[in-house]
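Now for the letters of each chain:
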Amino acid sequence: LIIIILNIMCRRPSFIRRFSSSFSVAMWPTKQQQPTASSTSHHSISASASSNGGIIDSTSSSSDDLYESHTHEKVYLPAKSIVVTLAMCFTLPFLIGYFGPLLVLRGLGVVPIIMSSSSVALPPQDVTVPKVSNEERLPVPTVYEGKHVPLTLYTSKMFPSAGSATSNTVQIDRSSSAFQVKSKISDSNVISQNVSNQQEIVESSFDIGDKGEESNDNPHNSDFDGHLPAGQHLLVDIKNVDSEFLNSEHRLATAMVELITESQLTLLSYHCHSLVPIGVSCAGVLLESHVAFHTWPSEGVIVMDLFTCGSGKLIPILPLIKQLFGVGAEGEDLEEPVLNWSHKLRGFREGFVPDYDPTRNPLDSDTGRFVTGRLQDDIKLPVLSASTDFQTVDVYELMDPTTRNVNNFYKSLEDDGSYESLHPEHFGPNRVLLLDGVIQSTLFGDAPYHESIVHPAMITHPNPKRVAIIGGGEGATLREILKHSTVEQAVMIEIDEGVVSLSKDYLPEWQDCSSIAHHKGRHAWCFNDTRADARFEDAMAYFTDNFSPKQDDKDDDSESPYEVIVMDCLDPNDNVEFAEFLYTSDTYIQSLYHALTDDGILVVQVGASPKVDQAADETGGFVNRSEMMKKLNEYGFKSIHIYDESHSGFFASWSTLLAFKDAETRERWYRSSAEIELDLSRRILPTKEGKSSLRYFDG
């Protein structure tokens, strides 16, 4: 570029005469006519200092003679021109290379600001910022082993504020040594919890130790193809936390980095501020989305939110969050840290996830609406999350502040002779069972629901000896039937043996028959009662195979009919194909009719009670319930009754249907309260103290 500029300048004699300098340049002739080979072969450029500065030495005084003679002449250029030319040659490319990309990015809507990992002190005049040693520098996030992290563009904007004492930005370390990070969670396959003086184990799908990449399996782990517009949002509030911990930017940042590492997520960068006069705020950018928290050291409170894309579970890391951030203060009289949390599904799945069915996602059903999505519960403990061969099983302990006082609960755990400690059963948290995300039973509603579905029909029948249960895997329906002294055999037909096994461990109250265990042939565990007969098979197949009207020729091994059949299974409005078949199948409903004795009674739980502003069952969400009632009437039942129970713990009144096979038995339905009370006292097995074993039902 320099040669071209000098040539252009020196081709014009008017420029040459203006120059005066200590430099001289020998120029080759540039006459428009083609020079000869002999003359061009000796062309060269040279520069030398001249003692006659500012004089042009030439063999001819005219420029034409200069070019025609093909002789060399010396041209003297000023040093200032050379320096300016060189400066322009370096400055222009630099400016174009620097500002060009910035202008392009700005045109794309990106405002980039070049910024490296740094720590900036922004102290007000009356605040002293302590020096940070190398040991206290904020930890650097690293990459989880085997996880692919795409290249990213980092941009940020800093605003000075008098409320911030320090400002720290740390970015991910992509070096090869950082790829050796492994989760410590793999050291243990279970997470222990201790609530209401009972050791509970969180297992199965809560076990994120051996699942590796499955724990946070999302499109970012491999590539960006198929990235879905959906995610999960976990909100966490913790109180009674140590104030020194909440005011330590280094300790909090270390806990955040460890949480993300243990959760097998990827922290691209994070930014923290120590606030004036006290407190810390941090926000981290994840490959999967973001994490952020703010602290109030004086109040001992920290609030946090974690949002991730993909299918990785967040609820299983709650114990880890409490372990890392729920740092209690030292002292005997100080309260333990308390954690409140809420989990919500965000974004859109239907229409983006192939074959997505919200009814098959527990977090998109009752679990998400009534359990995990609530933030106001004083206690919300995931006790169990497991999967059987047929369904998912979840158990939660909950304490709603509108119905129970958490301070009274903690007092009931003490041995101080107080009323609360003497009657702890009145102050403990509720326990909720969910199957495929749908609430099936609650501890507070156990007796109202199961006693109301069993005893009205049982006490109406004059002498129920053989009783069948369809479903009822948690065991409470069987428990109530076994309280009747007339029962000789109680057959429970449940397809999912896993529910029975899990309920024994995590819902022991549902299978507790200790109140009548002192009677002959009885046992503290209901399934060990000599009258109990649990059969783990398809109930529909059992009844259609044994009691279908087509089964006219029965052999000696055929099943005997039942006085009472209790159908305690799926709700009729469940959006699953099996529920529709269960309530509308002609063959199945006919087989139920033939499975009853002539004076038999059929009991069916038929879902939430209709509201006054709700559409009729035939056109609303309970078409299956309407169809079943029509078919029961069509196939011979003489009388059908529906009654409601509003204390079952289902956030709505619940309906139960009774179908009488003959009119004579129905007459007993209209007995007086005194007659029913007398019958209950004669039939219901009493406790060891001689009291009724019923807790809710009476005449």
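Residues numbered from 1 in each chain as written. Predicted model: local features only at pLDDT ≥ 70, side-chain atom pairs only at ≥ 80, totals over all residues. Heavy atoms only, no water.

Asker: I'm lost on the state of the cysteines in this one. Help?
Answerer: A covalent bond bridging the sulfur atoms of two cysteines is what the word disulfide describes. Applying the stated criterion across every chain yields a total of two disulfides. Disulfide pairing places Cys272 opposite Cys282 at an S-S distance of 2.0 Å. The disulfide joining Cys272 to Cys282 has a torsion of about 115° about its S-S bond and is therefore right-handed. Taken together, the positions of Cys272 in strand S9 (residues 267–275) and Cys282 in strand S10 (residues 280–286) put the pair ten residues apart, joining distant regions of the chain. Judged by relative accessible area, which is 0%, Cys272 ranks as buried. (Disulfide = S-S within 2.5 Å. Helix = DSSP H or I, 4+ residues; strand = E, 2+ residues; numbered from the N terminus. Buried < 20%, exposed > 50% of the residue type's maximum accessible area, 1.4 Å probe, protein only.)

Asker: What is the right way to read the packing of aromatic side chains from this model?
Answerer: Each aromatic ring pair is summarised here by two numbers: the centre-to-centre distance and the angle between the ring planes. A full pass over the atoms with the stated rule returns 17 aromatic pairs. On the numbers, 6.0 Å between centres and 20° between planes, the contact of Phe94 with Tyr98 is stacked. Here the residue Phe94 and the residue Tyr98 both occupy positions in helix H5 (residues 79–107), the gap between them amounting to four residues, near one helical turn. Look at Phe94 and you get exposed, because its relative accessible area is 53%. With centroids separated by 4.6 Å and ring planes inclined at 15°, the aromatic side chains of Phe370 and Phe651 adopt a geometry described as stacked. Of this pair, Phe370 sits in helix H9 (residues 366–372) while Phe651 sits in the loop between strand S23 (639–645) and strand S24 (654–660), and the two are 281 residues apart along the sequence. Judged by its relative accessible area of 29%, Phe370 falls in the partly exposed class. An aromatic cluster is built from Tyr542, Phe543, Phe547 and Tyr562, whose rings are joined through pairwise contacts. Against the face of Trp525 rests Lys504, its NZ or CZ located 4.0 Å from the ring centre. (Phe/Tyr/Trp six-rings, centres within 6.5 Å; stacked < 30°, edge-to-face > 60°. Lys NZ or Arg CZ within 6 Å of the ring centre and 35° of its normal.)

Asker: Where do I start with the sheet that holds strand S17 (residues 438–442) in this structure?
Answerer: Two pairing modes exist for strands in a sheet, parallel and antiparallel, and in both the strands are linked by backbone hydrogen bonds. With antiparallel pairing, the four strands of this open sheet are ordered in space as S14-S15-S16-S17. The open sheet terminates on both sides in strands that have one partner only, identified here as strand S14 (379–387) and S17. Between one strand and the next, the sheet's axes are offset by a mean angle of 25°, whatever the strand orientation. Looking at chain direction, strand S16 (residues 430–435) and S17 are connected through four bridges and run antiparallel. Looking at the pairing, Val432 lines up with Thr442 of S17. (Pairing = 2+ DSSP bridges. Axes fitted to C-alpha atoms, helices over the stretch in contact; angles between N-to-C directions.)

Asker: In this structure, what is going on with the confidence of the model for the protein? I would like to understand it.
Answerer: Atomic detail in the predicted coordinates should be set aside for any region of low pLDDT. Averaged over every residue, the pLDDT of the protein is 80; residues scoring 70 or more account for 75%. Long-range and interchain partners of residues 176–226, a stretch whose pLDDT sits below 50, account for 118 contacts in this model, where long-range means more than four residues apart. (pLDDT = per-residue confidence, 0-100. Contact = heavy atoms within 4.5 Å.)

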